[in-house]
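Residue-level structural notes
Residues per chain are reported as follows:
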Amino acid sequence: IERVPVPQTVSLEDFENDDPALFKARDGTLWMAWVAYRTRSRQGYFYQGADEIMVSHSRDGRLWSRPQSITPPGDHFRVALGQDHAGQIWCVYSLQKEAGSGNFDLYARTFDGVRWSEEQRLTSSPLPDVFHKMTADGQGNLYLVWMSCRPGPGGGLAQSDILLRVRTSQGWGEEMRISESAEDDWEPSVAVDSGGRAWVVWDSYRRLVEMFGTTVFNLDDEIFEHPMAEMKSAKGYKLDAEITAED
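Below is a short write-up of the structure. Every value quoted in this text rests on a predicted model; they were computed, and no experiment measured them.

What follows is about unusual backbone geometry. A positive phi angle is found at Arg-78, which is not glycine, with a value near 65°. For Arg-78, the location among the structural elements is in strand S5 (residues 75–83).

Right, here's the structure in full:
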């Protein structure tokens with residue numbers, strides 16, 4: 001039998017708290033950030049609410065600072081934390097500035113040991129930039145990945161692809177498009193190995209037509225499975241994962 005640690009409540013009870021991120025700084029301090037929603041007004045069955053980005057920190061994981069809101073109320077989605085070469089803590093979040101537009105961009109604030117900075121805008125695409133993750137290497141370079149809706153290869157309708165930005169001591173570099181398949185790519189994650197190489201992984205929706213046909217139009221799976229099996233056999237593939245965008 002193993003003893004299970006007693007969980008602690010870090011968030012405030014008068015908020016609905018979601019999507020936490022946890023990060024350990026180089027001095028051992030633990031940082032936590034999350035999206036905190038609260039209803040602002042109510043008229044019968046109609047509610048008006050907004051959320052904020054909350055941050056708390058702890059030296060030992062037992063005693064946590066009172067959560068601090070670092071943003072005005074708005075429409076936020078997810079957070080990511082990291083520490084740069086100068087020791088500043090970065091909190092990156094997705095925010096829909098214009099209500100109802102559907103366009104989320106990535107923004108950041110930094111903590112210099114005394115106070116949180118003004119908001120910095122990291123993306124400017126007119127289409128959503130969401131599902132971001134961030135990590136740092138041993139030199140304090142930050143690697144930020146996210147899913148962005150952009151025009152597909154050769155133009156045409158927008159689709160979701162994976163993008164990367166790297167921040168060094170010189171500032172943020174240009175956006176790099178990591179994926180450019182014919183399918184939608186999303187939910188990326190990033191890690192840096194001991195050699196300084198960044199590894200980016202993501203989910204690629206390579207059976208959109210089949211999923212759409214079976215769930216929306218209630219078509220039999222076999223309509224899609226037989227052609228897929230024949231194509232894999234002709235190519236010598238054993239797994240769906242071996243199928244390329246060109247196939």
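Tallied over the full model, the rule gives 6 aromatic pairs. Pairing Trp-31 with Phe-111 gives two aromatic rings, centres 5.3 Å apart and planes at 55°, and the pair type is tilted. Here Phe-111 lies in strand S7 (residues 105–111) and Trp-31 lies in strand S2 (residues 30–43), a separation of 80 residues in the sequence. Since its relative accessible area comes to 7%, Trp-31 is described here as buried. Judged by relative accessible area, which is 15%, Phe-111 ranks as buried. A ring pair is formed by Trp-90 and Trp-172, whose centres lie 5.6 Å apart and whose planes are at 85°; its orientation type is edge-to-face. Taken together, the positions of Trp-90 in strand S6 (residues 89–96) and Trp-172 in strand S12 (residues 171–172) put the pair 82 residues apart, joining distant regions of the chain. When sorted by exposure, Trp-90 lands in the same class as Trp-172, which is buried. A connected cluster of aromatic rings, assembled from ring pairs, spans Trp-31, Phe-111 and Trp-116. The ring centre of Tyr-107 lies 5.2 Å from the NZ or CZ of Lys-97, which sits over that ring.

Locating Asp-84 in the fold gives a position in the loop between S5 and S6. Note on Asp-84: relative accessible area 1%, which makes it buried. For Asp-84, the side chain forms a polar contact with the main-chain nitrogen of Gly-87, separated by 3.0 Å. In terms of polar contacts, Asp-84 uses its side chain to reach the side chain of Trp-90, at 2.8 Å.

The rules behind the values
- Residues numbered from 1 in each chain as written.
- Predicted model: local features only at pLDDT ≥ 70, side-chain atom pairs only at ≥ 80, totals over all residues.
- Heavy atoms only, no water.
- Helix = DSSP H or I, 4+ residues; strand = E, 2+ residues; numbered from the N terminus.
- Phe/Tyr/Trp six-rings, centres within 6.5 Å; stacked < 30°, edge-to-face > 60°.
- Buried < 20%, exposed > 50% of the residue type's maximum accessible area, 1.4 Å probe, protein only.
- Lys NZ or Arg CZ within 6 Å of the ring centre and 35° of its normal.
- Polar contact = N/O pair within 3.5 Å; in protein donor to acceptor, adjacent residues only side chain to side chain.

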